[in-house]
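# Understanding the architecture of this molecule
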Amino acid sequence: MKRTAPAFILAAGSLWGTMGIFVRRLEAYHFTSLQVASLRIIGGGVIFLLIASVMDWKLLKIRPRDILWFLGTGIASILLFTVCYFRTISMASLSVAAILLYTAPIMVMLMSLVLFHEKLTKKKAAALLMAFAGCILVTGTGGGGHTPAAAVVFGLISAFGYGLYSILGTFVLRRYPPVTVTTFSFLCGGIGALAFCDPADIFRKIQSADHPGEILILILLTAIVTAVLPYLFYTIGLSSVRASSASIMASVEPVVATFAGCIVFGEALTPLSLAGVALVVGAIVTLNIPSKTHEDP
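This structure is a prediction, so every number in the text was calculated from the model and none was measured.

### Looking at the side chain of Thr 183
When you line up the elements, Thr 183 lands in helix H9 (residues 178-194). Among the polar contacts listed, one links the side chain of Thr 183 to the backbone oxygen of Val 179, at a separation of 2.7 Å.

### Quick look at helix H2 (residues 19-27)
Buried residues of H2: Met 19, Gly 20, Phe 22, Val 23 and Leu 26, and no others. When H2 is viewed along its axis, its buried side chains cluster within an angular range of 165 degrees and face the same direction. Against helix H1 (5-16), helix H3 (33-55), helix H4 (67-91), helix H5 (94-101), helix H11 (212-238) and helix H13 (252-265) lie the buried residues of H2.

### Digging into the packing of helix H6 (residues 104-115) against helix H8 (residues 149-172)
At a minimum axis distance of 8 Å, the contact between H6 and H8 shows a crossing angle of 45 degrees. The angle between the axes of H6 and H8 places the two elements in the oblique class. Relative to H8, H6 is oriented so that their crossing is right-handed. Across from Ala 104, Met 107, Val 108, Met 111, Ser 112 and Leu 115 in H6, the residues of H8 making contact are Leu 156, Ala 159, Phe 160, Tyr 162, Gly 163, Ser 166 and Ile 167. Classifying every residue of the contact of H6 with H8 gives 10 nonpolar, 3 polar and no charged.

Reading the values: the criteria
Residues numbered from 1 in each chain as written. Predicted model: local features only at pLDDT ≥ 70, side-chain atom pairs only at ≥ 80, totals over all residues. Heavy atoms only, no water. Helix = DSSP H or I, 4+ residues; strand = E, 2+ residues; numbered from the N terminus. Polar contact = N/O pair within 3.5 Å; in protein donor to acceptor, adjacent residues only side chain to side chain. Buried < 20%, exposed > 50% of the residue type's maximum accessible area, 1.4 Å probe, protein only. Arc of directions from axis to C-beta. Contact = heavy atoms within 4.5 Å. Axes fitted to C-alpha atoms, helices over the stretch in contact; angles between N-to-C directions. Parallel < 35°, antiparallel > 145°, perpendicular 65-115°, else oblique. Left-handed = near helix turned anticlockwise from the far one by under 90°. Nonpolar A, V, L, I, M, F, W, Y, C, P; charged D, E, K, R; others polar.

Here it is as structure tokens:
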């Protein structure tokens with residue numbers, strides 16, 4: 001699993017990089033960013049519940065006192081991250097939203113130093129700096145332009161929520177398999193989302209649409225592509241890779257998000273962006289180079 005874990009994390013980051021496409025498509029049907037986030041989480045929770053039920057009902061057994069962990073991964077992490085990130089996407093370009101989100105590895109690294117007593121090795125530090133510098137170049141954030149202050153605030157909050165999943169997930173994976181962790185995380189996040197998304201308004205928008213079937217298919221794809229598959233992949237990878245390293249590997253997301261913005265929405269792609277892509281890829285390669293001391297990544 002340690003050999004394949006990085007591939008799972010990279011796959012997760014790549015799928016997360018497509019979120020902006022689905023957000024903007026659903027917003028075109030007049031759903032708010034909060035409603036899009038809620039549809040993603042609730043849909044993901046239902047699908048994960050079906051997966052766990054088919055695989056083994058025992059996967060749905062947890063100790064009552066552990067529900068607090070899943071409230072953390074579901075509400076404090078997944079729900080908070082998704083709502084704030086989608087709000088950022090609605091206010092700024094996909095690339096800017098991505099760079100704000102990818103301050104998360106720095107947060108994860110600092111929290112890991114305190115909570116897990118991880119060592120800040122030269123390799124990790126170099127990879128972190130390369131990934132963050134690459135994200136800045138990829139998004140063109142360092143080249144000027146105006147980003148609303150509210151977008152920056154929402155983006156940084158989304159980064160905190162995103163990073164928190166790596167930390168809380170590390171703890172809860174010591175007790176439960178990845179499918180159990182993702183299922184209960186999304187169920188808790190979905191319950192939290194119901195309190196804010198105005199379900200009646202969502203149903204009205206679907207019913208009043210010219211092609212409601214297309215909306216339902218889009219919602220299903222949003223849940224599968226941006227929630228179910230990437231969170232399952234990331235959680236599997238997180239079970240064998242340190243939280244700080246996993247968050248850096250997932251930095252492939254802003255690269256994918258930038259290319260998605262360029263191809264689908266015509267957002268600019270410059271030579272500096274391409275240099276940033278090279279730095280992010282270099283960071284991932286650096287992090288996965290075997291250490292002479294056989295240190296765990």
